[in-house]
Amino acid sequence: MQFQNTIAYAQLYNVGGEVTNLESLVYKYFPFPAISSNIGTLQNINVSSDSEFKAYVEQTGAYFIDFSFIADSGDSRQYKICPFIDGVQQSEELENLFFQQPSGVKYEVSANWILNLTQGQEIAIKLEVFNLPTVSYFARDIKMSIFNLQQLGIH
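Because the structure is a prediction, the values reported are computed rather than measured.

### Structural notes on the nonpolar core
Formed by 37 residues in total, the largest nonpolar core has its most connected members in Phe 30, Ile 65, Phe 67, Phe 69, Ile 81 and Tyr 137. Elements with a contribution of two residues or more to this core: β2 (9-19), β6 (54-57), β7 (61-71), β8 (78-85), β11 (107-117), β12 (122-129) and β13 (137-148). Tallying contributions element by element places β11 first for this core, with six residues. Excluding anything up to four places from it in sequence, Tyr 137 contacts Gly 17, Glu 18, Val 19, Leu 22, Phe 69, Ala 71, Tyr 79, Phe 98, Gln 100, Tyr 107 and Leu 127.

Following this line, the structure appears as structure tokens:
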């Protein structure tokens, strides 16, 4: 018998900044690498060094994903965030709609999902705007927590 530990979790973070790659009605990656605030918080989940906020799972299973960021003030545009696996939107039912606040207001955007992921798949939460903002859009303190809800045990 062998015990196979399939626990997988990560706490990913980036300070964020101005989101410059927005297009109307097109989902875009958050343009910041998903770096870990503490390398000890990565277990069977990897991040790449490129400039997009995404992660790769090393274990197959059901994952709880919690995502949040602080949005700066703006011009009251309508946005959505949604999970993508390997660049493919999972379902319109998983979209989370929010409204950018008027100038001078900061607010938190957060959502969570449970998704079935297979070893090697990329998970990313992407952002869409309905109409391009007339002022710069900022996403700060971007955080994603990922936890595998399954463990195989003895076999």
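### A few points about the pairing of β12
Most of β12 sits out of view: eight of its eight residues are buried. The pairing of strand β3 (residues 28-29) with β12 spans two bridges and is antiparallel. Note that in β12 the partner of Lys 28 across the bridge is Leu 127. Two strands pair when backbone bridges link them, and β6 and β12 are joined in this way by three bridges, in the antiparallel orientation. Within β12, the position partnered with Ala 55 by the bridge is Ile 123. Here β8 pairs with β12 via seven bridges, running antiparallel. In the strand pairing of β12, Tyr 79 is matched with Val 129.

### Some points on the pattern of salt bridges
Enumeration according to the criterion identifies eight salt bridges in this entry. Between Asp 72 and Arg 140 there is a salt bridge, and its shortest N-O distance comes to 3.1 Å. Linking Asp 72 in the loop between β7 and β8 with Arg 140 in strand β13, this pair joins segments that are 68 residues apart in sequence. Exposure remark for Asp 72: the relative accessible area of 11% places this residue in the buried category. Judged by its relative accessible area of 29%, Arg 140 is partly exposed.

What counts and what doesn't
Residues numbered from 1 in each chain as written. Predicted model: local features only at pLDDT ≥ 70, side-chain atom pairs only at ≥ 80, totals over all residues. Heavy atoms only, no water. Core = buried A, V, L, I, M, F, W, Y, C linked by side-chain atoms within 4.5 Å. Buried < 20%, exposed > 50% of the residue type's maximum accessible area, 1.4 Å probe, protein only. Helix = DSSP H or I, 4+ residues; strand = E, 2+ residues; numbered from the N terminus. Contact = heavy atoms within 4.5 Å. Pairing = 2+ DSSP bridges. Salt bridge = Lys/Arg side-chain N within 4 Å of Asp/Glu carboxyl O.

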